[in-house]
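# Coordinate inspection notes
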Amino acid sequence: GDRLDLTPIPWSWEGLIMQARMNLLVAQPKVGKTALLLEMIAKWHTGDSEFLGANFIGKCPPVVIVGTDQSEADWGSMLAAVNLVSKDGTICKPIERIWTAADPLHFNDRGLDALGAELENHESPLLIVDSYHSCVGPLGQEDSGSTYANPLAALLIVAAKARATTCVIHHANKGVGSNIVSSSRGTTALTAVPSQLIHMSFLQTENKRDKRITLKTQGRSGTPMNLLIERTDAGWVSHGDGEIAEEAQRLQGVANELAGRQADFYDYIDMRWTLGEFAVSSAELGQHFNLTRSVVT
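If you're wondering where the values come from, they're calculated on a predicted model, not measured in any experiment. (Residues numbered from 1 in each chain as written. Predicted model: local features only at pLDDT ≥ 70, side-chain atom pairs only at ≥ 80, totals over all residues. Heavy atoms only, no water.)

Further remarks concern the overall build of the protein. For the protein, the count of helices and strands is 10 helices and 13 strands. Taking the principal axes of the C-alpha coordinates as reference, the protein spans close to 80 × 45 × 45 Å. Residue burial in the protein is summarised as follows: out of 297 residues, 42% are buried. Contacts in the protein between residues far apart in sequence, at least 24 positions, make up 61% of those at least 6 positions apart. Here the protein displays about 16200 Å² of accessible surface, and carbon together with sulfur accounts for 50% of that area. (Helix = DSSP H or I, 4+ residues; strand = E, 2+ residues; numbered from the N terminus. Buried < 20%, exposed > 50% of the residue type's maximum accessible area, 1.4 Å probe, protein only. Contact = heavy atoms within 4.5 Å. Areas by Shrake-Rupley, 256 points an atom, 1.4 Å probe, with all protein chains shown as cover.)

Here we take up the environment of Val 168. For Val 168, the location among the structural elements is in strand β9 (residues 165-171). As for Val 168 and Leu 197, which are separated by 29 residues in sequence, their C-alpha atoms are 9.7 Å apart. The contacts of Val 168, once residues within four sequence positions are left out, are Met 22, Asn 23, Leu 24, Leu 25, Val 129, Tyr 132, Leu 152 and Leu 155.

This paragraph deals with the sheet that holds strand β13 (residues 235-241). Pairing in this open sheet of nine strands is mixed, and the strands run β7-β6-β8-β9-β3-β10-β11-β12-β13 from one edge to the other. One side of each edge strand has no neighbouring strand; the edge strands of this open sheet are β7 (95-99) and β13. Taken over all neighbouring pairs, the strand axes of this sheet differ in orientation by 20° on average, direction set aside. As judged from the four bridges shared by strand β6 (residues 63-66) and β7, these two strands associate in the parallel manner. Considered in β7, the bridge of Ile 65 is made with Ile 98. Across the face of the sheet, helix α2 (residues 72-81) comes into contact with β6, β7 and β8 (126-130) while running at roughly 150° to β7. Set on the sheet, helix α5 (residues 150-161) makes contact with β3 (22-27), β8 and β9; between it and β9 the angle comes to about 160°. (Pairing = 2+ DSSP bridges. Axes fitted to C-alpha atoms, helices over the stretch in contact; angles between N-to-C directions.)

This part takes up the packing of aromatic side chains. Per the stated rule, a full pass over the model turns up seven aromatic pairs. For the pair Tyr 132 and Tyr 148, a centre-to-centre distance of 5.3 Å together with 85° between the ring planes defines the contact as edge-to-face. Separated by 16 residues along the polypeptide, Tyr 132 in helix α4 (residues 132-136) and Tyr 148 in the loop between α4 and α5 bring together distant segments of the chain. The pair formed by Tyr 132 and Tyr 148 is uniform in burial state, with each residue classed as buried. In this structure an aromatic cluster arises from ring pairing among Trp 13, Trp 44, Phe 51 and Phe 56. Just above the ring of Trp 99 sits the side chain of Arg 97; from NZ or CZ to the centre is 4.1 Å. (Phe/Tyr/Trp six-rings, centres within 6.5 Å; stacked < 30°, edge-to-face > 60°. Lys NZ or Arg CZ within 6 Å of the ring centre and 35° of its normal.)

Before going further, it helps to examine the state of the cysteines. Evaluated as defined, the whole model comprises zero disulfides. Cys 60 takes part in no disulfide bond, and the closest cysteine sulfur, belonging to Cys 167, lies 11 Å away. Residue classification places Cys 60 among the buried positions, given a relative accessible area of 16%. Counting only cysteine sulfurs, Cys 60 is the nearest neighbor of Cys 92, a cysteine outside any disulfide, at a range of 13 Å. (Disulfide = S-S within 2.5 Å.)

Turning next to the pairing of β8. Across the five residues that make up β8, a large majority, five, are buried. The alternating pattern of β8 places Leu 126, Ile 128 and Asp 130 and Leu 127 and Val 129 on opposite faces, both of which are buried. Alignment of β6 against β8, held across four bridges, turns out to be parallel. Its bridge partner being in β8, Val 63 is matched across the sheet by Leu 126. Judged from the five bridges that link them, β8 and β9 form a sheet pairing that is parallel. For Leu 126, the partnering residue across the bridge sits in β9 and is Thr 165.

Keep in mind these values describe shape, not function.
Here's what the structure looks like:
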């Protein structure tokens, strides 16, 4: 006869970051995980209603950053790029507290107690952890063992008590995983703790100048999202649906594997379609390549 809470899960950043839940952001180094979250915070705080096509829900909360992975100078540069630090180095709101590599916080009892005390000072804060490994590595945790996820489970309890929305940045493994769970570095037990998983990776194309990134989600609520985004000099921009780009990439890969006469046929059909979306019949192929229709078909 007990009743469960059936309130729909609220969003902070609609479809991407769950409010008052733990969100795990997984990507290879230098893809732009931290930069994405900082620009999100800056736009939310200054009153933008959406970012990359996804709406913000409510006002931007106070922000606490556990930035053990980066030096104070690196954090200064990143915060300055999105106007979250003044010219004299003063950290601006909504950021209330930041730990850096110079003053690290680790997820042992002492560190979690300090973090919990800080979170309790703010109403429903946004907690950014960058990165998980830097916060647990000095504790002797091996990322291949199931105990690697224990500090994350402990962090979940600390954050839940303060009703914090938590975004934990974690590095992806060196291989290319078939899904978000397998792409995460270390034991898959880690991905079982958060409510929402977010994965970022470069869209692999033949053009080495192509810096577009796919952003995918997988979680316990809501429809999975697949966005195509890019970090430019002017900030992050959206290129729309990531599935469309990935399908085009897959088809291009198939086309690249064609050889001989099949490749010649494909190139001709592609050229005719590009010129004016002209349909090409087997008779036209035979005439162009001086082949009989039976050979063409």
